[in-house]
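A closer look at the structure
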Amino acid sequence: MTVNGHRVIDRAMLHLVRLAREDGWSASAAAARMVEIVGGDRSVLRRLRAQLLLPAGRREGMFAVRALATIEAALVTVER
């Protein structure tokens with residue numbers, strides 16, 4: 001899906017990058033924000049997780065850990 005010429009998944013990934021890089025990051029706060037950003041759309045969260053899993057396996061870093069923790073927490077929130 002495209003909104004204003006940008007794919008929803010691409011916009012969501014940009015938000016995820018920003019959230020994961022914030023000082024004072026917490027998984028629950030970032031997850032709540034991601035759920036809000038994607039409007040609770042599980043498919044977008046799952047696609048983000050899929051995009052993150054392959055690179056995360058090759059390189060470990062604070063961003064990858066935070067991004068995956070954020071997405072996992074967001075999925076738990078929307079799947080309740």
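Above this text sits the structure in question.
A quick note: this is a predicted structure, and the numbers were derived from the prediction, not measured. (Residues numbered from 1 in each chain as written. Predicted model: local features only at pLDDT ≥ 70, side-chain atom pairs only at ≥ 80, totals over all residues. Heavy atoms only, no water.)

**Description of the pattern of salt bridges**
Evaluation of the coordinates by the stated rule reveals four salt bridges. Among the ionic pairs, Asp 10 bridges to Arg 7, the shortest N-O distance being 3.3 Å. You can call Asp 10 partly exposed: its relative accessible area is 39%. With relative accessibility at 41%, the residue Arg 7 sits in the partly exposed group. Across the pair Glu 72 and Arg 49 runs a salt bridge whose closest N-O atoms are separated by 3.4 Å. With a gap of 23 residues between them, Glu 72 in helix α4 (residues 62-78) and Arg 49 in helix α3 (residues 42-58) connect regions that are remote in the sequence. On the accessibility criterion, Glu 72 (35% relative accessible area) is partly exposed. (Salt bridge = Lys/Arg side-chain N within 4 Å of Asp/Glu carboxyl O. Buried < 20%, exposed > 50% of the residue type's maximum accessible area, 1.4 Å probe, protein only. Helix = DSSP H or I, 4+ residues; strand = E, 2+ residues; numbered from the N terminus.)

**What to know about the packing of helix α1 (residues 8-21) against α4**
Two quantities define a packed helix pair, namely the angle between the axes and the distance from one axis to the other. Direction vectors running N to C along α1 and α4 enclose 115°, while the axes themselves pass 9 Å from each other. Between α1 and α4, the interaxial angle falls into the category roughly perpendicular. By crossing handedness, the relation of α1 to α4 is classed as right-handed. Only Phe 63, Arg 66, Ala 67, Thr 70 and Ile 71 of α4 make contact with α1, whose side of the interface consists of Leu 16, Val 17, Ala 20 and Arg 21. Each residue belonging to the contact of α1 with α4 can be placed in one class, and the counts come to six nonpolar, one polar and two charged. (Axes fitted to C-alpha atoms, helices over the stretch in contact; angles between N-to-C directions. Parallel < 35°, antiparallel > 145°, perpendicular 65-115°, else oblique. Left-handed = near helix turned anticlockwise from the far one by under 90°. Contact = heavy atoms within 4.5 Å. Nonpolar A, V, L, I, M, F, W, Y, C, P; charged D, E, K, R; others polar.)

**Side note on the packing of helix α2 (residues 27-37) against α4**
At a minimum axis separation of 8 Å, α2 and α4 run at an interaxial angle of 65°. Of the two possible hands of crossing, α2 and α4 adopt the one that is right-handed. Across the interface between the two elements, Ala 27, Ala 30, Ala 31, Met 34 and Val 35 from α2 touch Ala 69, Thr 70, Ile 71, Ala 73, Ala 74, Thr 77 and Val 78 from α4.

**Points about the environment of Leu 75**
Along the chain, the position of Leu 75 falls in helix α4. Under the relative-accessibility criterion, Leu 75 is labelled buried at 3%. The sequence separation of Leu 75 and Val 35 amounts to 40 residues, and the corresponding C-alpha distance is 8.1 Å. Residue contacts for Leu 75: discarding those within four places in its chain leaves Arg 42, Leu 45, Arg 46 and Arg 49.

**Details of the side chain of Arg 66**
You can see Arg 66 is positioned in helix α4. Of the side chains bearing the opposite charge, Asp 23 lies closest to the buried Arg 66, which forms no salt bridge; the N-O distance is 6.0 Å. A distance of 2.9 Å separates the side chain of Arg 66 from the backbone oxygen of Ala 20, its partner in a polar contact. The residues touching Arg 66, leaving out its near neighbours within four places in the chain, are Ala 20, Arg 21, Glu 22 and Trp 25. (Lys, Arg positive; Asp, Glu negative; His and termini not counted. Polar contact = N/O pair within 3.5 Å; in protein donor to acceptor, adjacent residues only side chain to side chain.)

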